[in-house]
Amino acid sequence: ILNVEQSPQSLHVQEGDSTNFTCSFPSSNFYALHWYRWETAKSPEALFVMTLNGDEKKKGRISATLNTKEGYSYLYIKGSQPEDSATYLCAFIDTGGFKTIFGAGTRLFVKA
Amino acid sequence: DAGVTQSPTHLIKTRGQQVTLRCSPKSGHDTVSWYQQALGQGPQFIFQYYEEEERQRGNFPDRFSGHQFPNYSSELNVNALLLGDSALYLCASSLEQNTGELFFGEGSRLTVL
């Protein structure tokens, strides 16, 4: 059974704080890792698709790193803003390729 | 360019009934996946359709079935509804390549009484 773990489960920060979350996944049969942002009453939207060990991706104030050998990815948000409040999901795709296994998500609350 | 659309957005059923949820993928996408998201959990993979066939299935009973039509739209059917089937059902479309990002609809919220 493939297991994807995210921590912390939830996080409360002040506007301007920088923060990071962890996604742990199986280190064998790795194919790809995705990060999604899911705002309340909307649909999840992709932030990053990562495929190579050592990948680092950045989109504005948000960045992510990938370590496939040890099975973890970090998502960083620099200078959090209230509009960053959302659930951040990571998703693992194995070499079977056809299904995406999601973690339970990290719920971020940014207070102005 | 329309994104992924799902219908209905909300519905209420009673135990033992059957339900059909519908999904239209993003324009140009040929692969549709269905997920169940229960409270406090991440989306759980139900199955994926490509070329009108079920290509992969998650750990869900046979009460959950689906279909993909020639225009790539898809249906999810759940028979003999149980209280535990109450959840948000998400449809996601993608291109056939396996590393491609998923584009999600806003979901169908099913309540089973």
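The coordinates are above.
These numbers were taken from a predicted model, which means no experiment stands behind them.

Caption draft 1: Molecular detail of the overall build of chain A. Counting secondary structure elements, chain A contains zero helices and eleven strands. Along chain A, helices (α) and strands (β) appear in the sequence β-β-β-β-β-β-β-β-β-β-β when read from the amino end. Relative to the compact-globule value of 13 Å for 112 residues, chain A shows a C-alpha radius of gyration of 14 Å, a close match. In terms of its C-alpha atoms, chain A occupies a principal-axis envelope of roughly 45 × 30 × 20 Å. The buried share among the 112 residues of chain A stands at 48%. Sequence separation of at least 24 residues holds for 54% of the intrachain contacts in chain A that already meet a minimum separation of 6. Within the structure as shown, chain A displays about 5500 Å² of accessible surface, and the carbon and sulfur contribution to it stands at 46%. With 11 positive and 11 negative side-chain charges, chain A shows a spacing of 3 Å between the two charge centroids.

Caption draft 2: Main features of the interface of chain A and chain B. Between chain A and chain B, the contact holds 20 residues from the first and 21 residues from the second. Interface area, chain A with chain B, both sides summed: about 1800 Å², of which 64% is carbon and sulfur. The three residues of chain A that bury the most area against chain B are Trp-38, Phe-98 and Phe-102 of chain A, which together make up 34% of that side's buried surface. Taken together, chain A and chain B are joined by zero salt bridges. Viewed at the interface, chain B and chain A are joined by two residue pairs in polar contact (both at pLDDT 80 or more). When contributions to the side of chain A that touches chain B are tallied by element, the ones reaching two or more residues are strand 4 (30-38), strand 5 (45-50), strand 9 (86-94) and strand 10 (100-102) of chain A. It is strand 4 of chain A that contributes the most residues to the side of chain A that touches chain B, five residues altogether. Along the lines of polarity and charge, the residues of the side of chain A that touches chain B split into 13 nonpolar, six polar and one charged.

Caption draft 3: Region of interest: the pattern of salt bridges. All names here are of chain A. For the structure shown, the criterion picks out five salt bridges over all chains. Put simply, Arg-61 and Asp-84 hold a salt bridge, and the shortest N to O gap is 2.8 Å. Residue Arg-61 is located in the loop between strand 6 (56-59) and strand 7 (62-67), and its partner Asp-84 is located in the loop between strand 8 (72-77) and strand 9; the two are separated by 23 residues in the primary sequence. Exposure remark for Arg-61: the relative accessible area of 33% places this residue in the partly exposed category.

Caption draft 4: Layout of the environment of Gln-6 of chain A. Residues and elements named next belong to chain A. Here Gln-6 is to be found in strand 1 (residues 5-7). Judged by relative accessible area, Gln-6 falls into the buried class, the value being 12%. Other than its neighbours up to four places away in sequence, Gln-6 contacts Thr-22, Cys-23, Trp-35, Tyr-88, Leu-89, Cys-90, Gly-103, Ala-104, Gly-105 and Thr-106. Only 2.9 Å separates the side chain of Gln-6 from the backbone oxygen of Tyr-88, close enough to count as a polar contact. Looking at Gln-6, its side chain comes within polar contact range of the main-chain nitrogen of Cys-90, at 3.0 Å.

Quick notes on the rules
Sequence order sets the numbering: in each chain, residues are counted from 1 along the sequence as written. As they are written, the chains are lettered A onward and the ligands numbered 1 onward, keeping that order. Given that this is a predicted model, residues contribute local features only at a pLDDT of at least 70 and side-chain atom pairs are listed and counted only at 80 or more, while totals for whole chains, interfaces and linings are drawn from all residues. Based on all heavy atoms of the structure, the side-chain values leave hydrogens and waters out of the count. What counts as a helix is a DSSP run of H or I of at least four residues, what counts as a strand is a run of E of at least two, and both are numbered from the N terminus. Atoms counted for the radius of gyration: C-alpha only. Globule rule: 2.2 Å times residue count to the power 0.38. Under the scheme applied here, a residue whose accessible area is under 20% of the maximum for its type counts as buried, over 50% as exposed, and between as partly exposed, the area being computed with a 1.4 Å probe on protein chains only. In this analysis, two residues are considered to be in contact whenever any of their non-hydrogen atoms come within 4.5 Å of each other. Each accessible area value is a Shrake-Rupley result obtained with a 1.4 Å probe; residue values ignore everything except the protein chains displayed when judging cover. We count Lys and Arg on the positive side and Asp and Glu on the negative side, and we leave His and both chain ends out. Think of each charge as sitting on NZ of Lys, CZ of Arg, CG of Asp or CD of Glu. Buried area is a sum: the accessible area each of two parts loses on coming together, probed at 1.4 Å, counted once for each and added. By definition here, a salt bridge exists when the distance from a side-chain nitrogen of Lys or Arg to a carboxyl oxygen of Asp or Glu is within 4 Å. Whenever two N or O atoms come within 3.5 Å, that pair is a polar contact, provided that in protein one can donate a hydrogen and the other can accept it, and provided that, for residues adjacent in sequence, both atoms are side-chain atoms. Three residue categories are used. Nonpolar comprises Ala, Val, Leu, Ile, Met, Phe, Trp, Tyr, Cys and Pro, charged comprises Asp, Glu, Lys and Arg, and polar comprises the others, including Gly.

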